[in-house]
Each structure stands twice: as C-alpha cells, then as structure tokens.
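Descriptive structure summary
This is what each chain is made of:
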Amino acid sequence: MGTLERTPLHRFHSDMGAKMVPFAGYEMPVQYPMGVMKEHLHTRARAGLFDVSHMGQVLLSGSSWEAVALAFEALVPADVLGLQDGRQRYGFFTNDAGGIEDDLMFARRGDSLFVVINAACKEADIALMRNNLPSGITLTVMEDRGLLALQGPVAGHVIATLDPKAEAMRFMDVAELSLSGHTVWASRSGYTGEDGFEISVPSDEAEALARRLVNDADVAPIGLGARDSLRLEAGLCLYGNDIDATTDPISAGLGWAIQKTRRAGGARAGGFPGAEAIFAVLDQGPAQKRVGLRPVGRAPMRQGVPLFAMEAGADQIGAITSGGFGPSVEAPVAMGYVGVDHAQAGTTLWGEVRGKRMGVEVVALPFVPAQFKR
Amino acid sequence: MKFTEEHEWLRQEGDEIIVGITIHAAEQLGDVVFVELPDEGTTVSKDDEVVVIESVKAASDILAPIDGEITEVNSTLSDNPGAVNEDPQGEAWFFKMTASDPSQMDEFMDEAAYQAFIA
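Residues numbered from 1 in each chain as written. Chains lettered and ligands numbered in written order. Predicted model: local features only at pLDDT ≥ 70, side-chain atom pairs only at ≥ 80, totals over all residues.

**Thoughts on the overall build of chain B**
The secondary structure content of chain B amounts to four helices and nine strands. Listed by position from the N terminus, the elements making up chain B come as β-β-β-α-β-β-β-β-β-α-α-β-α. Computed over C-alpha atoms, the radius of gyration of chain B comes to 13 Å, within 12% of the 14 Å expected from 2.2 N^0.38 for 119 residues, which places it in the range of a compact globule. Over its C-alpha atoms, taken along the principal directions, chain B stretches across nearly 35 × 35 × 20 Å. (Helix = DSSP H or I, 4+ residues; strand = E, 2+ residues; numbered from the N terminus. Rg over C-alpha atoms; globule rule 2.2 N^0.38 Å.)

**Observations concerning the environment of A:Leu293**
When you line up the elements, A:Leu293 lands in strand β14 (residues 288-295). With residues up to four places along the chain from it excluded, the contact list for A:Leu293 reads A:Ile320, A:Ala334, A:Met335, A:Gly336, A:Val360, A:Val362 and A:Val363. (Contact = placed C-beta atoms within 7 Å.)

**Quick word on the interface of chain A and chain B**
With twelve residues of chain A in contact, the opposing surface of chain B contributes nine residues. When its residues are assigned to classes, the side of chain A that touches chain B shows five nonpolar, five polar and two charged. (Nonpolar A, V, L, I, M, F, W, Y, C, P; charged D, E, K, R; others polar.)

**Here's the deal with the packing of helix α2 (residues 36-45) of chain A against helix α7 (residues 224-233) of chain A**
Residue and element names in this part refer to chain A. Packing of α2 against α7 leaves a shortest axis separation of 8 Å and a crossing angle of 55°. Comparing the axis directions of α2 and α7 gives the class oblique. Crossing handedness for the pair α2 and α7: right-handed. Counted together, Val36, Glu39, His40 and Thr43 of α2 and Gly225, Ala226, Ser229 and Leu230 of α7 form the full contact between these two elements. (Axes fitted to C-alpha atoms, helices over the stretch in contact; angles between N-to-C directions. Parallel < 35°, antiparallel > 145°, perpendicular 65-115°, else oblique. Left-handed = near helix turned anticlockwise from the far one by under 90°.)

**A few points about the sheet that holds strand β1 (residues 2-3) of chain B**
Residue and element names in this part refer to chain B. Reading across the sheet, the six strands line up as β1-β2-β3-β9-β8-β5 and stay open at both edges, with antiparallel pairing between neighbours. Of all strands in the sheet, those with a lone pairing partner are β1 and β5 (43-44), marking the two edges. As judged from the five bridges shared by strand β8 (residues 68-73) and strand β9 (residues 95-99), these two strands associate in the antiparallel manner. Within β9, the residue paired with Glu69 across the bridge is Thr98. (Pairing = 2+ DSSP bridges.)

**Quick word on the sheet that holds strand β13 (residues 219-221) of chain A**
Residues and elements named next belong to chain A. The strand order across the open sheet built from six strands is β10-β11-β12-β9-β3-β13, with neighbouring strands paired in mixed fashion. Pairing within the sheet leaves two strands with one partner each, and these edge strands are β10 (174-179) and β13. Here the average twist between neighbouring strands, direction ignored, is 30°. Bridge count for β10 against strand β11 (residues 182-187) is six bridges, and the pairing is antiparallel. Bridge pairing in β11 places Leu177 opposite Val184.

**Side note on the domain arrangement of chain A**
All names here are of chain A. Here chain A is partitioned into domain 1 (10-55 + 144-233) and domain 2 (288-374). A separation of 29 Å is found between the C-alpha centroids of domain 1 and domain 2. Across the boundary between the two partners, domain 1 contributes 15 residues, which contact 17 residues of domain 2. When contributions to the side of domain 1 that touches domain 2 are tallied by element, the ones reaching two or more residues are α2 and α7. Among the elements that take part in the side of domain 1 that touches domain 2, α2 stands out by supplying four residues, more than any other. Taken together, the residues of the side of domain 1 that touches domain 2 break down into five nonpolar, four polar and six charged. (Domains from an automatic or database assignment.)

**Remarks on the nonpolar core**
All names here are of chain A. One finds Phe72, Leu148 and Leu150 to be the most contacted residues of the largest nonpolar core, which totals 118 residues. Taken together, domain 1 (10-55 + 144-233) and domain 2 (288-374) each give at least three residues to this core, which thus spans both. Leave out the neighbours within four places in its chain, and Phe72 touches Leu60, Val80, Phe106 and Leu113. (Core = buried A, V, L, I, M, F, W, Y, C linked by C-beta atoms within 7 Å. Buried ≥ 20, exposed ≤ 12 C-beta atoms within 10 Å, placed from the backbone.)

**Let's talk about unusual backbone geometry**
All names here are of chain A. With an omega of -5°, the peptide bond running from Leu365 to Pro366 counts as cis. As for its position among the elements, Pro366 is in the segment after β19 (356-363). A positive phi angle, close to 75°, is found at Met172, a residue other than glycine. At Ser180, a position not held by glycine, the phi torsion is positive, near 45°. Turning to its location among the elements, Ser180 is positioned in the loop between β10 and β11.

**Comments concerning the environment of A:Ala45**
Here A:Ala45 is to be found in helix α2. Sequence separation between A:Ala45 and A:Gly190 is 145 residues, and the spatial gap between their C-alpha atoms is 16 Å.

**Remarks on the environment of B:Ile118**
Residues and elements named next belong to chain B. With respect to the helices, strands and loops of the structure, Ile118 is situated in helix α4 (residues 111-118). Judged by the 13 C-beta atoms lying within 10 Å of it, Ile118 falls in the partly exposed class. For the pair Ile118 and His7, spaced 111 residues apart in sequence, the C-alpha separation works out to 9.0 Å.

Spelled out as structure tokens, the structure:
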C-alpha cells in the first residue's frame, strides 16, 4: 500500500488493531478487532467513532454571504442563499445531463460556506469549483484538517460532556466547539441514521481528540465495513453505487434536496447544470426509482444483482446498487433502481444470485428509523 | 486433521471425511451471515463449488477438496451461520463426504505445515 495516502489517525488505527485496506486512494480501517457486525451494533446501541479524514473539506469565501451562496447555487440545485448561519444542508453537484457528479454537505459559517465532499470525487469536485466559481470567490482546500464522526445514541452525551454548548445543537446545526482543549467545527449530522456529530479538527490534534473520545467506555472505533452497513440500513446513498453521473436526483429519491425556490416557478429557479433535464424528470416523472429491497431468504443480494418481475423470463426491470446484511435488521437488505411500475412497496420481484432467482420485496426506506435530534 | 491450501480442514471418521473451514479462514471472512449447502447425495469432483458462504464483507465458495459423494450436510448452519465464526474447526463443519479416490488425501498438509503455510 506504498502509494496510498494516510489520514492523521493512521497511528491511532494501528494501535487500535485495525485491519487497513485501500479506499479512495487512502489507507483506511475496514474493521477493528471487534468485527463489522459488533461495530455496527455498538454504533446503534452506544457510540461509534469513525475516521472520515479522507473526505474533502473546502471553504468558499467572498465579499458577502450573498456572493458566496449565489456562486455555489450555480453548481448545486439547492437553496444555498436561504441557509441560516450555523446551519447545514445536503446537496449535490449536477452535470449538464442532470446526473449527479458528487453528493456533499454544505454549511454556512458566517459569510463563508464549508463544503464536505467525497474522497473519491474530491479532485474532480475541486477542479469543477475552481473552473466555474467566479473570480471573487476564494476556494481553500483544508488540507490541514482531519474529520471524525461520532455516531450513536450516546454521541450527544459524550460531546455535551466535553462542551455543554453541544447540548443545544439540533440535527444539521453547525458550531465551533471546544472538545478537551481542541477547537473544532462540529455539525450534528452523520451517515448512519443515528444522532451524532461530524467533527472537523486540525490534523495535528486529530489523534489526541480521537484518543480522548475512545477513552469513554461507550465509544468504540468503527471501520468502513460497519459504516457501509449502517448507511445502507439508514437508506442513505453511496456515491458511485446508488448515485453517479448517470443518475438524476429525482430518480434517486433526492428531490427533497432541491428546495422549492430552485424549482420551476421558484424565486431562483434553475441556473444549475442540467436544470432542464431535471425539471423534465420532475414534470414527467422518472422512468426508474431508487427503492428499498428486502430479500425474502437469508442470502444477501449485493451490488449488480439483476432484478426481474417474474421468477422466469428475460424481462429485467432493474438492478441492485447496494446490498448486504443488515445487522440491526438481522436480515439481508438492499437498495436498487426499478422501473416505476415495480416500485410500489409490497411488490415482489426476483433477484438473480448465482444463476438462481430468489424473491425480494420492495419496501420503504429507511430499514431502521432515523434517530436524529430535530 | 488435514488442511488444504483453500483453507479447508478434513477429518476422516470411518468411511466419511468431514469438511470445514479453518479458524484462519473464518477470521479472514469476518461475520458469516449466510451458508448455502449442497444436497445430500450429490456427486462432486475436486474443486467443484459446493458451499456458498456470505459474510458481512463478501460471498465466497468452498470447493470440494476431493472427488466423492456428499453424504451429510450440517443443516444447523442455515439457521445459525454465525457458528462458522464461533467454532469453525468443531461444531461448524459443513459437510461429510465419501472419497472415490482416497489417495487424493495424501497431498494435504498436516497442522504444522498449514500453520507454516498461513504464517
């Protein structure tokens, strides 16, 4: 793994006994000695600490909040201008065909915008922003910051013990906190469906903070394996699997992230890449939809499993984009795209695994109810 | 007990050979969540895929270590696949088979050789 980059927590992972794997150009912990299943369940029961320092952190600044927000709105079909200071939203970069180039979180910090982007997309995203943002907007890649996530029902208590200011934060609030002497940018959000925080911390303080957090008996370090099963149960998209440059946000079930003001008839309608294509899908309805899927048997159905309407016959009507075993559901779970005629919850479809068709039921997402502190 | 390079163990018991996966293999697989067993009475050739194991990470196969016939499968694994992680070289055997050419057993490793193989 010689050419891989390391996060500021590399020594921490090693000390915790992590099994490291290459992921998006980084050497990352896929699991610790606890194992994927127990790490998953620990996060849902107590609190899990994740290293997400491989993700990109970017700060956009300009002459005013309005200048920054409107510049970003030219790339992202979300209401950025209406974002209150100290609040965060989910969004995505779109392309001219209405596909998703990357999904992201953006937060308002005063007159600046703090953007967190996926590791595998960060170079392309930064190029996209550099090439398209007007000259008055300054883009700073925060190379000197790590990113931790603390997720689970006890996460709020753990963070509030270190800084009581965290107590008042609600889902998608962002604030500067002081955690055992470390000044961090925290948001009350995550990728597990649980309450929790994502914490941007200076790289040279990340390890000390991680060690302080796992010092709490309720906190265990959690690897990428459980991160994936947690987000899958929460019905959250993985960029590259469930959404990509060829999927539009409406088919993906992410239309909620395009606020009214950016839609046809809104005050700042359109003006982002692919607006016409996305409005056409909104208008006519998508041909396919992302749905939750519950295999009837015990065999997991993973990414790429073709879906059929019937037990026999060549009429493929969709495919699984993410799938595996859901430790909290105690059964296999999956997501995929199916033709709208087959997208109704309760519909039985057939997934072909190792040449055999096995029943799979369309179900509502998420598989595990969200526990956000609203 | 004999060991294969595919991380299976084989134990002779009368005319039958009991087959499972090693502790090392179970650790590498991670938490097992699904096991698909062959039908009893199936005739198999060496390297046929006879068992599917799915862990939280991925799907993998167990190959028939030798030519023969599957005489019994451990159906408790279908309902309790996690047993593969708990006791892979004991309770969580996968199947029993007869050997059509017992000399095929000769090539396998003993425990010391297997420990050296995975070291």
